Amino acid sequence: MKNRSRVIIMTAILLIGVMLWLPGLRSQRVAAQSAGLTGSYGFNLTVVPVAGGAASFLGVVTFDGAGNATASFTIAQNDPNPSATTLQVQTGGQNSGTYTVNADGTGTMTFPGNGGAPTTVAFVITDGGSGLMLLPTGGFGNNLLTGTARKQ
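Every value quoted in this text rests on a predicted model; they were computed, and no experiment measured them.

(A) Molecular detail of the packing of aromatic side chains. Overall, the coordinates contain five aromatic pairs when judged by the stated rule. Centre to centre, the rings of F57 and F73 are 6.3 Å apart; their planes meet at 55°, and the pair counts as tilted. Of this pair, F57 sits in strand β2 (residues 55-64) while F73 is found in strand β3 (residues 68-77), placing the two residues 16 residues apart along the sequence. The exposure class assigned to F57 is buried, which follows from its relative accessible area of 13%. Ring geometry for F63 and Y99: centres 4.8 Å apart, planes at 75°, overall edge-to-face. Linking F63 in strand β2 with Y99 in strand β4 (residues 88-101), this pair joins segments that are 36 residues apart in sequence.

Shown next, in the form of structure tokens:
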């Protein structure tokens, strides 16, 4: 009976130690995957419709691992003409910018604006580096957009 109590106490101590150790391990994994953000990600950004029309961006953003990003994209949006029967589509959009990644797996991309405010996009690295959650925070006026990206 004495040995069984010792086993239970040792098991409890071991479990508590593992629970205290795991959050630190996760932080190290996120930092390690963040430092190497490289490769191409297919993305989709969608305008959350308000009083205006809806729009969606579809494209690829490529990270070089050194803080530089390039993006190519297509935009589809509602035609403001109420009698229109087709979407307005712009293809071949391209832009180059920069990105930073924080130790916690969050980051920011910044692309220069075409005569306007730069486009900034906050992101979170997910799924061990195979995905991104995207939230543009500047450059789209008073429009709210959300999106995701998956590594190609």
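(B) The arrangement of the environment of G131 in detail. Note on placement: G131 falls in strand β7 (residues 131-138). Given a relative accessible area of 1%, G131 falls into the buried group. Look past the residues within four positions of G131 in its chain and what remains in contact with it is Y41, V124, I125, T126, A149 and R150.

How each quantity is defined
Residues numbered from 1 in each chain as written. Predicted model: local features only at pLDDT ≥ 70, side-chain atom pairs only at ≥ 80, totals over all residues. Heavy atoms only, no water. Phe/Tyr/Trp six-rings, centres within 6.5 Å; stacked < 30°, edge-to-face > 60°. Helix = DSSP H or I, 4+ residues; strand = E, 2+ residues; numbered from the N terminus. Buried < 20%, exposed > 50% of the residue type's maximum accessible area, 1.4 Å probe, protein only. Contact = heavy atoms within 4.5 Å.

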